[in-house]
Amino acid sequence: REALTLMRKLSVACLVVFLTMTVEKPIQALICLALLAGSYYLQQRYKPYLEEPLNSLETRSIIVAMITVYCGIYFVSEDLDEGSNITLFLLLIGTNLYFLLYWLALIGNKLPDIIKKKYPKLYDRYMRKYQGTKDYRQTPPQRKSTVVPTKHKTGQKKKLSNENLTGVL
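Thresholds applied
Residues numbered from 1 in each chain as written. Predicted model: local features only at pLDDT ≥ 70, side-chain atom pairs only at ≥ 80, totals over all residues. Heavy atoms only, no water. pLDDT = per-residue confidence, 0-100. Helix = DSSP H or I, 4+ residues; strand = E, 2+ residues; numbered from the N terminus. Contact = heavy atoms within 4.5 Å. Salt bridge = Lys/Arg side-chain N within 4 Å of Asp/Glu carboxyl O. Buried < 20%, exposed > 50% of the residue type's maximum accessible area, 1.4 Å probe, protein only.

### So, the confidence of the model for the protein chain
Close inspection of predicted coordinates is inappropriate for parts of the model with low pLDDT.
Logical step 1: On average, the protein chain scores 80 in pLDDT, and the residues at 70 or more come to 74%.
Logical step 2: The spread of mean pLDDT over the elements of the protein chain runs between helix α6 (residues 162-165), the lowest at 48, and helix α3 (residues 52-77), the highest at 93.
Logical step 3: Contacts for the low-pLDDT stretch residues 160-169, under 50 throughout, to residues beyond four places or in other chains number 12 contacts.

### Describing the pattern of salt bridges
Logical step 1: Within this structure, the stated rule accounts for two salt bridges.
Logical step 2: R8 is the partner of E58 in a salt bridge, and the nearest nitrogen-oxygen pair spans 2.0 Å. Here E58, found in helix α3, pairs with R8, found in helix α1 (residues 3-18); they are 50 residues apart in sequence, far enough to count as distant.
Logical step 3: You can call R8 buried: its relative accessible area is 10%.
Logical step 4: The shortest N-O distance in the salt bridge between K110 and E51 comes to 3.1 Å. A residue pair is termed long-range when its members are at least 10 positions apart, and K110 in helix α4 (residues 82-118) and E51 in the loop between α2 (25-46) and α3 qualify at 59 residues.
Logical step 5: With relative accessibility at 31%, the residue K110 sits in the partly exposed group.
Logical step 6: Judged by relative accessible area, E51 falls into the partly exposed class, the value being 39%.

Below, the structure written as structure tokens:
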């Protein structure tokens with residue numbers, strides 16, 4: 001199933017390399033847009049990756065690529081005024097920045113697991129000691145105050161806390 005992703009990337013590369021000489025840029029962009037739309041459909045239908053976050057990442061990358069190509073069609077046409085060019089440019093920057101931040105968040109969540117799997121000694125040395133727990137995702141145990149009821153000389157119960165026990169121990 002991951003062959004779908006490889007075929008899409010190979011097709012886009014071949015389109016850019018081999019059709020540059022024979023086909024005009026707007027037609028080339030429309031063919032690329034159609035190829036990306038087909039890839040989006042196949043991605044949604046088959047979800048080739050075993051983990052859902054990777055499928056989500058691939059879907060978002062196809063959407064960002066489609067937006068980029070679509071905006072590129074207008075940039076190539078040179079029929080837009082300055083305000084429209086700036087708007088399209090900001091749309092391109094925004095969608096690509098969104099994808100980059102999504103990717104960073106996804107990698108940030110998975111990085112400790114990757115380190116734990118590939119480099120267990122490094123994980124043990126830094127991640128566990130950083131939090132002071134066996135697993136870095138667990139919260140450190142909270143120290144509870146020990147309350148020991150005892151009988152006071154007057155017959156009343158008195159509560160002893162850790163502070164009162166320091167002189168005793």
